[in-house]
Number of protein chains: 2
Amino acid sequence: MKLLENLIERIVQRTNINLREQSFDVGPYIRDLIEPEKFLKFYAFYGVTQHHPLNLEFVGSSLSGSYFMGNCRTHRAVLYKTDVRGDELKRRGDHLRAGGFDIVLESDEQIRISNSFLVKNLVHNFSHDPESAEEFFIRDSVSLHHANIHGAPTAGAFLGPLATVDLTTVYDAIIGSFAYVNAGEVDHQRVEPGTVWIEQRDVFRFLYRYPPEVLQKYVRYEAGQPPQGILPEFMDAHEEEFQRLFDVVDLEFDGNVPEDASLDRYAVVKPRTTIGRNVLISQRAYLQNSTLGDGANAQENCFLIDAQLAGRNVMAHGAKVIGARLGEGVFVGFNSFLRGSVEAPLRIGDGSIVLPHTIVDLAERVEIPDHHLVWGYITRPGDLETHCMALEALSAVDGEVVRGNMHFNGSGAAFVEGFRARVEHILEANGAFFDGHNQRGHAQEHRNISFNTIRPYLEGERQGIFPTMVITP
Amino acid sequence: MKLLENLIERIVQRTNINLREQSFDVGPYIRDLIEPEKFLKFYAFYGVTQHHPLNLEFVGSSLSGSYFMGNCRTHRAVLYKTDVRGDELKRRGDHLRAGGFDIVLESDEQIRISNSFLVKNLVHNFSHDPESAEEFFIRDSVSLHHANIHGAPTAGAFLGPLATVDLTTVYDAIIGSFAYVNAGEVDHQRVEPGTVWIEQRDVFRFLYRYPPEVLQKYVRYEAGQPPQGILPEFMDAHEEEFQRLFDVVDLEFDGNVPEDASLDRYAVVKPRTTIGRNVLISQRAYLQNSTLGDGANAQENCFLIDAQLAGRNVMAHGAKVIGARLGEGVFVGFNSFLRGSVEAPLRIGDGSIVLPHTIVDLAERVEIPDHHLVWGYITRPGDLETHCMALEALSAVDGEVVRGNMHFNGSGAAFVEGFRARVEHILEANGAFFDGHNQRGHAQEHRNISFNTIRPYLEGERQGIFPTMVITP
């Protein structure tokens, strides 16, 4: 494993150079994190369809268990069980409009991951950074378990477990565990664990911070160890059921998938699950005794257990919904954890928005009314006072609102409108509005993916490193 | 499937141009041979090890069910369940000595298959053609079920089912079904079905031809249909047991494989099979209630059922041995079919050579003595008179020998020596003589192959065509 060891040391050095102002050493976090035999055990794979531009290049990388779709290059990277879905990348000639500029793409956009170590990450979507329209790059970075790098480049970063950077370009920054950042550009900063930060400069800022004792209970970790706490333990408990999907070459689902919906072959589907029309179920989603109404989606790493989704629901990457009934159009953000039960069910009314990284873990029945915003940590009805607000009320805000640990400042209308537009865009991209002819999206285009598997060298100096591959149409 | 249909028509045209002098149309043989859905059903795959140069390039091809190892390019080819094993290709700087010339290789040798349609073929080994030392090419050719293209380039050829061209460059020629040709160079000829032709120009010529009624019984076919008769039916009867190997990702053999032997993960191993030291068992071999003594090998598409191999035995590609006991060093050539039973067992003495394409299908017990040559068609002891000869007696021949349908002319000593040297070389290449340190061969180097799987586009214009791939170390 000489080359792989060298590769990891190279990534440590490159990332540390970027983080030198903060005297941060990523070495202890990644050096012995993955047991050597695990680098050999899991195949990586990539998907081929007629709908997505294909341009893959893997050079000097370790990719065990990772998945690729669309244009992507990995150069000297360790991607462990990471999901890189590049099926919304911009094409040559597309326009990116930002800050008054209208940028015309010179070439098809590409995801480029170099000198980086990502563990069980989700990398998705096109670069919203107008400074890098053709390249969604991740370089000189370390990103730990279940982090999401979404919609913008990252360089010189350390992301803790379950962190999400969303539409946020990150330079030389440390994003703490379970922190969610959607703030355009972040550089040379340290974002504390459990921070939820949504900002549009000069327009609004939403800030919430989890109490340390809650974080300790749900997400905690030590350097060099996998994360602990209720969230990672919940995922680990289901890990074995995913392994079955990887043990066989072909897998048939014996339930009904409407002809305009798609169920990824790498999703776990347990009994009593119903799939509506125009539904998208992505890789590594887990469904059990749940209903997905028409146009709903369950993105990568989602769990739906005893959950009823009325339709046109977005379950963003890593969202988990257990023992809950969600009304029409309810959005559940990244890595949110909503857990009700028969004794303490959760209801969420039509059109409500559950912000990313929200934890609703019920001891008593809770009902979120229609068209409300939810954030933070909720265990009983009384928590709604400080963690829930009508979208209409928020839209009327122009100034400051403080509720418990939440501080909002600026235009509530812009915040609400931004979210609503985004939910609409996600549904559109996912094919929720397909009418049999128009508004085709992922739900329709992911139906016939051809999966190719790749493995590393199994012995010798290159052990654990994958061969060099260039794959084009 | 527009592109695939065009590709097949292109191959028909290119091959027909080469065969125009013989007014041969390959179209009816391949146009509807493979059901369209089968082009989508079976993954192709390639093997990666630290021991073999890796340089694969697949362009505009359909490769369903095919396997690749070593340097190989396919450009606009249809390879259906074909096995291309390039693990003995020459390297840059190697010498090829032929006809008084000493050729130094300018580059690593590569197998290049273009504008060709191969079905369940076995392509193996390096080019013995001094005119094409760096390229083992197959172009503008059609080669049907279970044919072997071994050790030399082929262009403008049609090979019938179970035909073998061995160390023979073929230009613009038709090789009939179950014909075996080992004759240096063959061009603008038609070799009749069931011919066994071994010739070293100006030194010796061995010629045998199967009676038409025997061929009719064992191998017959019609254009556009899979072959019929005892040999293809025997293979088809076991096809389903191979499917199991392709249904799962990893497969563990629960018997004992010595640490200097290798058992390919795509071989079928049924109960009561014993594997000796330095044994090589290749892909798509089938073993049942059999013993492989030290240094024996079972190459691609071999069957060993109720067979005892004393050791250092070569079971060449496609050899089938049932109900038989083989002495030390017995060689069984390509596509031979040796079938004894409890009532009519077959014994073959030490050091005997079963020529390629021999059929021994017993109604009574038969014993081949030590150090004998066997050919043609044998069903009872009386057949040995015309189909068997002591190697010593043949070595003494310098002139003509006629036995039944067999005509030999020339130096018997050169013929026997040539075969013996070749058997020795095959054992050496396969690692039969490995002493724990030296004389490493395939048996040792195939132990840790990393298998990567590839599939074609599943829909649209490119349906059935594989993406373009370039794979290097």
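Residues numbered from 1 in each chain as written. Chains lettered and ligands numbered in written order. Predicted model: local features only at pLDDT ≥ 70, side-chain atom pairs only at ≥ 80, totals over all residues. Heavy atoms only, no water.

**A short note on the overall build of chain A**
To keep it simple, the criterion reads: Segments assigned H or I by DSSP are reported as helices when at least four residues long, segments assigned E as strands when at least two residues long, and all are numbered from the N terminus. Throughout, radius of gyration means the C-alpha value; the globule benchmark is 2.2 Å times the number of residues raised to the power 0.38. Buried, partly exposed and exposed residues are distinguished by accessible area as a fraction of the type maximum, computed with a 1.4 Å probe on protein chains only: under 20%, between the cut-offs, and over 50%, respectively. Working rule for contacts: check all heavy atoms of both residues, and any pair within 4.5 Å makes them a contact. Surface accessibility in these figures is a Shrake-Rupley result with a 1.4 Å probe; residues are shielded only by whichever protein chains are displayed. Charge counting treats Lys and Arg as positive and Asp and Glu as negative, with His and both chain ends excluded. To locate a charge, take NZ of a lysine, CZ of an arginine, CG of an aspartate or CD of a glutamate.
Helix and strand counts for chain A come out as nine helices and 47 strands. The C-alpha atoms of chain A give a radius of gyration of 21 Å, which matches the 23 Å a tight globule of 473 residues would have. A principal-axis box enclosing the C-alpha atoms of chain A has dimensions of 60 × 55 × 45 Å. Out of the 473 residues in chain A, the part that is buried amounts to 63%. A separation of at least 24 residues holds for 41% of the contacts in chain A among residues at least 6 apart in sequence. Per element, the accessible surface of chain A, about 17,400 Å² overall, is 45% carbon and sulfur. A distance of 3 Å separates the average location of the 44 positive side-chain charges in chain A from that of its 64 negative side-chain charges.

**Description of the side chain of B:T168**
Residues and elements named next belong to chain B. The following threshold applies: Any N or O atom pair separated by 3.5 Å or less is treated as a polar contact, with the protein-specific requirement of one donor-capable and one acceptor-capable atom, and with residues adjacent in sequence counted only for side-chain atom pairs.
Position of T168 relative to the elements: it lies in strand β18 (residues 168–171). Here V181 takes part through its backbone oxygen, which lies 3.1 Å from a polar atom of the side chain of T168. Of the polar contacts made by the side chain of T168, one reaches the backbone nitrogen of A183; its length is 2.8 Å. Setting aside anything within four residues of it in sequence, one finds T168 in contact with H150, A152, P153, V181, N182, A183, G184, E185 and V186.

**Re the packing of aromatic side chains**
Note the cut-off: Centres within 6.5 Å are what make two rings of Phe, Tyr or Trp a pair, Trp counting through its six-membered ring; a difference in plane orientation under 30 degrees is then read as stacked, over 60 as edge-to-face, and the rest as tilted. Throughout this description, the term charge over a ring refers to an Arg CZ or Lys NZ atom that lies within 6 Å of the ring centre and within 35 degrees of the ring normal.
Enumeration over the complete set of coordinates arrives at 66 aromatic pairs over all chains. Seen in terms of ring centroids, A:F331 and A:F419 are 5.9 Å apart; in terms of plane orientation they differ by 70°. Their pairing is edge-to-face. On the criterion of sequence distance, the pair formed by A:F331 in strand β35 (residues 331–332) and A:F419 in helix α8 (residues 412–429) is long-range, its members being 88 residues apart. With 5.7 Å between their ring centres and 55° between their planes, B:Y43 and B:F246 make a pair best called tilted. Remark: B:F246 occurs in helix α5 (residues 230–247) and B:Y43 occurs in the loop between α3 (38–41) and β1 (44–48); sequence separation between them is 203 residues. Here B:Y43 and B:F246 have matching classes, each one buried. What links up through ring pairs into an aromatic cluster is the set A:F204, A:F206, A:F331, A:W375, A:F408, A:F415 and A:F419. Lying over the aromatic face of A:F137, A:R139 brings its terminal NZ or CZ to 4.2 Å of the ring centre. The aromatic ring of B:F42 is capped on one face by B:K81, whose charged end is 3.9 Å from the ring centroid.

**Observations regarding the domain arrangement of chain A**
Residues and elements named next belong to chain A. Rule in force here: Domain start and stop points were drawn from an automatic or database domain assignment. When two parts are brought into contact, each loses some accessible area as probed by a 1.4 Å sphere; the total of that loss over both is the buried area. We define a salt bridge as a contact between a side-chain nitrogen of Lys or Arg and a carboxyl oxygen of Asp or Glu at a distance within 4 Å. Just so you know the grouping, Ala, Val, Leu, Ile, Met, Phe, Trp, Tyr, Cys and Pro go in nonpolar, Asp, Glu, Lys and Arg go in charged, and all remaining residues, Gly too, go in polar.
For chain A, the assigned domains read domain 1 (2–228 + 449–471) and domain 2 (230–396 + 414–445). Using only C-alpha atoms to locate each centre, domain 1 and domain 2 end up separated by 23 Å. The interface is formed by 44 residues belonging to domain 1 together with 41 residues belonging to domain 2. Taken together, the two surfaces of domain 1 and domain 2 that pack against each other cover about 3,700 Å², and 58% of this comes from carbon and sulfur. Counting across the interface, domain 1 meets domain 2 through three salt bridges. For E300, the salt bridge goes to R85, with nearest N and O atoms at 2.7 Å. Applying the counting criterion to the domain 1 and domain 2 interface returns 21 residue pairs in polar contact (both at pLDDT 80 or more). Looking at the side of domain 1 that touches domain 2 residue by residue, the class counts come to 24 nonpolar, 11 polar and nine charged.

**Regarding the pairing of strand β9 (residues 110–114) of chain A**
Residue and element names in this part refer to chain A. Threshold: Whether two strands pair comes down to DSSP finding at least two bridges between them.
With four of its five residues buried, β9 lies for the most part within the structure. Pairing of strand β4 (residues 72–75) with β9, which is carried by four bridges, proceeds in the parallel orientation. When the bridges of β9 are listed, R73 appears paired with R112. Pairing of β9 with strand β12 (residues 135–139), which is carried by five bridges, proceeds in the parallel orientation. Pairing of I111 across the sheet is with F136, part of β12.

**Quick notes on the sheet that holds strand β41 (residues 372–374) of chain B**
The strands making up a sheet associate through backbone hydrogen bonding, with each pair oriented either parallel or antiparallel. Residue and element names in this part refer to chain B. Here we have eight strands laid out as an open sheet, ordered β25-β28-β31-β33-β35-β38-β41-β43, and mixed in their pairing. Here the strands that pair on one side only, and so sit at the sheet edges, are β25 (262–263) and β43 (388–390). When β25 meets strand β28 (residues 280–281), the two strands line up parallel, connected through two bridges. Looking at the pairing, S262 lines up with L280 of β28.

**Focus on the relation of the copies chain B and chain A**
Our working rule: Each copy is superposed on the other by least squares, with the fit set by C-alpha atoms of residues at a pLDDT of at least 70 in both.
Superposition record for chain B on chain A: RMSD 0.0 Å, screw rotation 180°, translation along axis 0.0 Å. Read as a symmetry element, the transformation amounts to a two-fold axis. Residue B:V248 of chain B places its C-alpha closer to the rotation axis than any other residue of that unit, at 2.1 Å. The overlap is high: 100% of the interface residues of chain B also sit at the interface in chain A, so the same surface is used on both sides.

**So, helix α1 (residues 2–18) of chain A**
Residues and elements named next belong to chain A. Selection rule: A helix's residues, less one, multiplied by 1.5 Å, set its expected span. Arc definition: directions from the helix axis to the C-beta atoms.
Look at α1: 25 Å from first C-alpha to last across 17 residues, which is about the 24 Å you get at 1.5 Å a residue. Of the positions making up α1, those classed as buried are L4, L7, I8, I11, V12, T15, N16 and N18. In a view along the axis of α1, the buried residues occupy a sector of 160°, so they form one face of it. On its buried face, α1 sits against α2 (27–30), α3 (38–41), β5 (78–80), β10 (117–119) and β13 (142–143).

**Let's talk about the interface of chain B and chain A**
Tallying the contact residues gives 35 residues for chain B and 35 residues for chain A. Here chain B and chain A share an interface that buries about 2,900 Å² over both sides, 46% of which is from carbon and sulfur atoms. Put simply, chain B and chain A have two salt bridges between them. On the surface where chain B and chain A come into contact, there are 19 residue pairs in polar contact (both at pLDDT 80 or more). Broken down by class, the residue content of the side of chain B that touches chain A amounts to 19 nonpolar, 10 polar and six charged. In this structure, strand β47 (residues 468–472) of chain A lies alongside strand β47 (residues 468–472) of chain B, joined through five bridges in antiparallel fashion. From the neighbouring strand, A:T472 faces β47(B), where its bridge partner is B:T468.

**Section: the environment of B:N289**
Residues and elements named next belong to chain B. Along the polypeptide, N289 turns up in the loop between β29 (286–288) and β30 (291–292). Overall, the relative accessible area of 24% leaves N289 in the partly exposed class. N289 sits 149 residues away from D140 along the chain, and the two C-alpha atoms are 42 Å apart. Not counting residues within four places of it along the chain, the set of residues in contact with N289 comprises K270, P271, R272, T273, D306, A307 and Q308.

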